[in-house]
Amino acid sequence: MTKQGEEDPLDEVFSFIKRQRDELQLKVHLAQADAKDEWEKLEAKWEEIGERGEPLTGAMKEGAETVGEQAKNVAGAAKDVAMRELKEGYERLRTLMEKGD
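Trainee: What is the right way to look at the side chain of Glu-38 in this model?
Mentor: With respect to the helices and strands, Glu-38 occurs in helix α1 (residues 9-62). For Glu-38, a relative accessible area of 14% corresponds to the buried category. A polar side-chain atom of Glu-38 sits 2.9 Å from a polar atom in the side chain of Arg-92. Leave out the neighbours within four places in its chain, and Glu-38 touches Gly-89, Arg-92 and Leu-93.

What follows is the structure, given as structure tokens:
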């Protein structure tokens, strides 16, 4: 039993847990928005690579006599950079999602 004017300890615990829940709910919501933004950026990059990747891969397979050694190296380097950016983006997204768990 509590004295008049004092808050019941169970009410205090409930209030604390409710605040924690509300804060976590907001963090999850924000993390979902961040994850969605990151996903949309990665999807745009994926589409860009898909559009450029096929010609680059095809050109690289044609060989040095058709494309030229320098063009082949540039195409390979561009594809490597794009793929690395995607990989890093997916890792950021995975980390962000794990924080939300």
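There's more to say after this.
Trainee: Explain the packing of aromatic side chains to me, please; I cannot follow it from the model alone.
Mentor: Both the distance between ring centres and the angle between the ring planes are used here to describe each pair of aromatic rings. Throughout the structure, instances matching the rule amount to one aromatic pair. Ring geometry for Trp-39 against Tyr-90: centres 6.2 Å apart, planes inclined by 45°, an arrangement best described as tilted. Pair noted here: Trp-39 is in helix α1 and Tyr-90 is in helix α3 (residues 69-100), with a separation of 51 residues, a long-range link.

Trainee: Explain the pattern of salt bridges to me, please; I cannot follow it from the model alone.
Mentor: Two side chains with opposite charge may pair up if their charged atoms get near one another. Using the criterion set out here, one finds five salt bridges in the structure. Two residues, Arg-92 and Glu-38, come together in a salt bridge whose shortest N-O distance is 2.9 Å. With a gap of 54 residues between them, Arg-92 in helix α3 and Glu-38 in helix α1 connect regions that are remote in the sequence. For Arg-92, a relative accessible area of 47% translates into the label partly exposed. Among the salt bridges present, the one from Lys-87 reaches Glu-91, with a minimum N-O distance of 2.7 Å. Of this pair, Lys-87 and Glu-91 both sit in helix α3, separated by four residues, roughly a single helical turn. Classification of Glu-91 by relative accessible area gives partly exposed; the value is 40%. Through salt bridges with shared partners, a single ionic network connects Lys-18, Arg-21 and Asp-22.

Trainee: I'm lost on the confidence of the model for the protein in this one. Help?
Mentor: When pLDDT is low, close inspection of the predicted coordinates is not appropriate. Confidence in the prediction of the protein, expressed as mean pLDDT, is 78, and 69% of residues score 70 or more. Per-element mean pLDDT across the protein ranges from 55 in helix α2 (residues 64-67) up to 82 in α1.

Calculation rules
- Residues numbered from 1 in each chain as written.
- Predicted model: local features only at pLDDT ≥ 70, side-chain atom pairs only at ≥ 80, totals over all residues.
- Heavy atoms only, no water.
- Helix = DSSP H or I, 4+ residues; strand = E, 2+ residues; numbered from the N terminus.
- Buried < 20%, exposed > 50% of the residue type's maximum accessible area, 1.4 Å probe, protein only.
- Polar contact = N/O pair within 3.5 Å; in protein donor to acceptor, adjacent residues only side chain to side chain.
- Contact = heavy atoms within 4.5 Å.
- Phe/Tyr/Trp six-rings, centres within 6.5 Å; stacked < 30°, edge-to-face > 60°.
- Salt bridge = Lys/Arg side-chain N within 4 Å of Asp/Glu carboxyl O.
- pLDDT = per-residue confidence, 0-100.

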